[in-house]
Each structure stands twice: as C-alpha cells, then as structure tokens.
Amino acid sequence: MQISGASTLITGASGGLGGVLARRFASEGAKLILTGRRRDILDALAAEIGGEVIAADLGDPEEVDRLLCAAGSVDILIANAAAPGSGRLATLEPVHIDRAIDVNLRAPIILSQALAPQMVERGSGQIVFIGSLSGKAATAGSSVYNATKFGLRGFALALRAELARSGVGVALIEPGFIGAAGMYADSRVKLPPGVGIVSPERVADAVVGAIRHNRGEVTVAPLALRAGASIALLAPELAARGTRALGGDRVARCFEEGQTDKR
Ligand SMILES: NC(=O)c1ccc[n+]([C@@H]2O[C@H](COP(=O)([O-])OP(=O)(O)OC[C@H]3O[C@@H](n4cnc5c(N)ncnc54)[C@H](OP(=O)(O)O)[C@@H]3O)[C@@H](O)[C@H]2O)c1
C-alpha cells in the first residue's frame, strides 16, 4: 500500500522505537497522528517532523475511546506502545499487571476493532503490531510481558486471517533486543556475550517493508536469536534450559531493576 499521504496513527511515538518510526514515516510522506502520554516529547517531535499530537493514556479505556474520536480517519495503524511489565511475578503489583495488559494487548485490540471497519469499507489499510521475540520465547522474570506479547501474536495472526481478501493488511513485527533507543537500551542491561542487538532503523525498515509487500509476520533479530525463538516455539522446555545455561536468570534480575520505572 501507498504510505505517502496515508493518515498514520503511531502509538508510543514518544518512545525510543516510536520516535524512529515517526521520523521514518514522515520521510515517506505519511500524515502523522502521534500519541503517547508525554505531550512535551510528542510536541517537540511534531515541531520537528510535522503531524498532529493527541496525548492519551492507553491504560485508561476512556482515553482510548477519546483517542479514537480525535484521530478520525486512519489508513495505517502502528500499535507500538508498550510497558515492559518486567520482573518476577511476585514483585509486581496488580496495577502493574493491569497496565501492561491494557497498554500492550487491550489497546491494540480495541484500536484495531474500531479502525478496521473504515479500512475494510475503503478496501485498503494496514494494521501493524509491534510484537517481540517475547511473543515466541518465554523467559523468567518476564511472565506478564510474555503473556501480552504471546497474546498479541495470536491476535495479529487471527486478525490477518479474518481480514484476508478485504484489502486490509495486518502485520506483526517481532524485534529482538533493540540498541540505541527504547526500553532495552534505557534499562542499560548488559546482555550475555553473543546475544546481538538490532537498530531501531532496521525495525522501521521491516515495518515499511511489511506494509509495502503485505507481509504477515516479520522477525527482526540476529540469526542466533531468531533460531532460539524458533526452538522456543517448538520445544519451550529445551529453550528454557538453554536460556538458563546462558545466564538468563541474571539477565532477568537486571531487567527487573532496570525497568522498574516503566511499570
Ligand atoms: N526496545 C526493545 O528492545 C524492544 C524489543 C522488542 C520489542 N519491543 C517493542 O517495541 C515497542 C516500542 O518499545 P520501545 O522500545 O520504544 O519502548 P519505550 O522507549 O519504553 O517506549 C514505549 C512507548 O509506549 C508508550 N506507553 C507506555 N505506557 C503507555 C500508556 N499507559 N499509555 C500510552 N502510551 C504508553 C510510551 O509513551 P509515554 O511514556 O509517553 O506514555 C512510549 O512512547 C514496544 O511494543 C515493545 O514491546 C522493544
């Protein structure tokens, strides 16, 4: 589908990957609608690249409805916002669990449900979900994030099947660890040797490629991580043992500490 001139709603535009996506879509000629909670960051981004700002808390169902009303007609939805919700289950308060589920899973579902009919009526549109390798591979200290990203994967694949032949594409982009910007980079966690990262620009390329070529599921990660995630889908217990042997429990504790402020 044509990106130039398309009304494109990007959630989480105030975040690391969201900012890179917004700049990339601006350079492709999209008409941007930028959302997130932090209006100051969104206003500064819009001053740089253009676009309309609608600040909204996706953890609040009324705010999701208000965002939808204010956004109006949307050709491309990029459901990118997420809370890491990381940490051992015992360390999370119910409010953290609710927020991660609402932002990472409920909001993308409600936004798609509201926006898909107008796209179907026009016979064109794209819904892009930013998932994660955590939607394929479960790890200790990440049960709530895993639950939301596994759920998002199921939802995205089913919605793609449901909208096949409607002219509306659905894509799920699954990055591994993203360097330079975003929730992993902000956590300052040191990964075990050999675990590579990808740039946010590479993820943005994958989003643009998925829209242009109507790709369903795109994993953006170094080969070793992609292979690990495939093994995790087929043999989760084997993959969990491998992750533990590579120091996964230490890394999980580091994420728990490094992402407390984003719960
Ligand atoms: N970074 C990685 O290594 C990595 C790897 C795989 C997948 N991902 C996925 O990439 C996407 C972007 O993440 P990121 O790395 O860019 O993280 P980030 O820098 O922490 O950005 C998260 C974005 O989500 C928004 N958000 C969080 N809670 C919200 C709420 N209650 N209401 C509205 N917006 C909310 C934040 O905006 P406000 O704070 O302004 O509300 C922010 O714009 C996520 O779906 C994430 O799961 C990231």
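Remember, it's a predicted structure, so these values are computed and weren't measured experimentally.

What counts as what
Residues numbered from 1 in each chain as written. Predicted model: local features only at pLDDT ≥ 70, side-chain atom pairs only at ≥ 80, totals over all residues. Helix = DSSP H or I, 4+ residues; strand = E, 2+ residues; numbered from the N terminus. Near = placed C-beta within 6 Å. Nonpolar A, V, L, I, M, F, W, Y, C, P; charged D, E, K, R; others polar. Buried ≥ 20, exposed ≤ 12 C-beta atoms within 10 Å, placed from the backbone. Contact = placed C-beta atoms within 7 Å. Pairing = 2+ DSSP bridges. Axes fitted to C-alpha atoms, helices over the stretch in contact; angles between N-to-C directions.

Would you take a moment to explain the environment of T91 for this structure?
Checked against the element boundaries, T91 lands in the loop between β4 (76–79) and α4 (94–122). Linking T91 and G141, residues 50 residues apart in sequence, is a C-alpha distance of 9.4 Å.

What am I meant to see in the site of the ligand here?
By nearness alone, 26 residues border the ligand, and G12, G15, R37, G182 and Y184 come closest of all. Elements represented by at least two residues in the shell around the ligand include exactly α1 (16–27) and α6 (183–187). A per-element tally of the shell around the ligand places α1 first, with 3 residues. The residue inventory of the shell around the ligand, partitioned by class, reads 12 nonpolar, 10 polar and 4 charged.

Would you explain unusual backbone geometry in this entry?
Most peptide bonds take the trans configuration, and most residues that are not glycine carry a negative phi. Not every positive phi belongs to a glycine, and A180 is a case in point at roughly 75°. Take A180: it is sitting in the loop between β6 (168–175) and α6. You will see that R188, though not glycine, has its phi angle at about 60°, which is positive. Position of R188 relative to the elements: it lies in the loop between α6 and α7 (200–213). Here R188 falls in the exposed class, since 10 other C-beta atoms lie within 10 Å of it.

Help me understand the environment of A81, please; the structure alone is not making it clear to me.
Structurally, A81 is set in the loop between β4 and α4. Note on A81: 25 C-beta atoms within 10 Å, which makes it buried. Residues A81 and K262, 181 residues apart in the sequence, show an inter-C-alpha distance of 12 Å. Setting aside residues up to four positions removed in sequence, A81 forms contacts with T11, G12, G36, L58, V103 and A107.

Honestly, the sheet that holds strand β5 (residues 125–130) in this entry has me stumped. Any pointers?
Each strand in a sheet pairs with its neighbour through backbone hydrogen bonds, running either in the same direction (parallel) or in the opposite one (antiparallel). Taken in spatial order, the 7 strands make up an open sheet running β3-β2-β1-β4-β5-β6-β7, and their pairing is parallel. For this open sheet the edge positions go to β3 (52–55) and β7 (217–220), each flanked by a neighbour on one side alone. Sheet twist, expressed as the average angle between the axes of neighbouring strands with direction ignored, equals 15°. Bridging between strand β2 (residues 31–36) and β3 involves 4 bridges; their strand directions are parallel. Note that in β3 the partner of G36 across the bridge is A55. Along the sheet face, helix α2 (residues 39–49) touches β2 and β3 and points at about 175° away from the line of β3. Helix α5 (residues 143–163) contacts β5, β6 and β7 of the sheet and is inclined by roughly 155° relative to β6.

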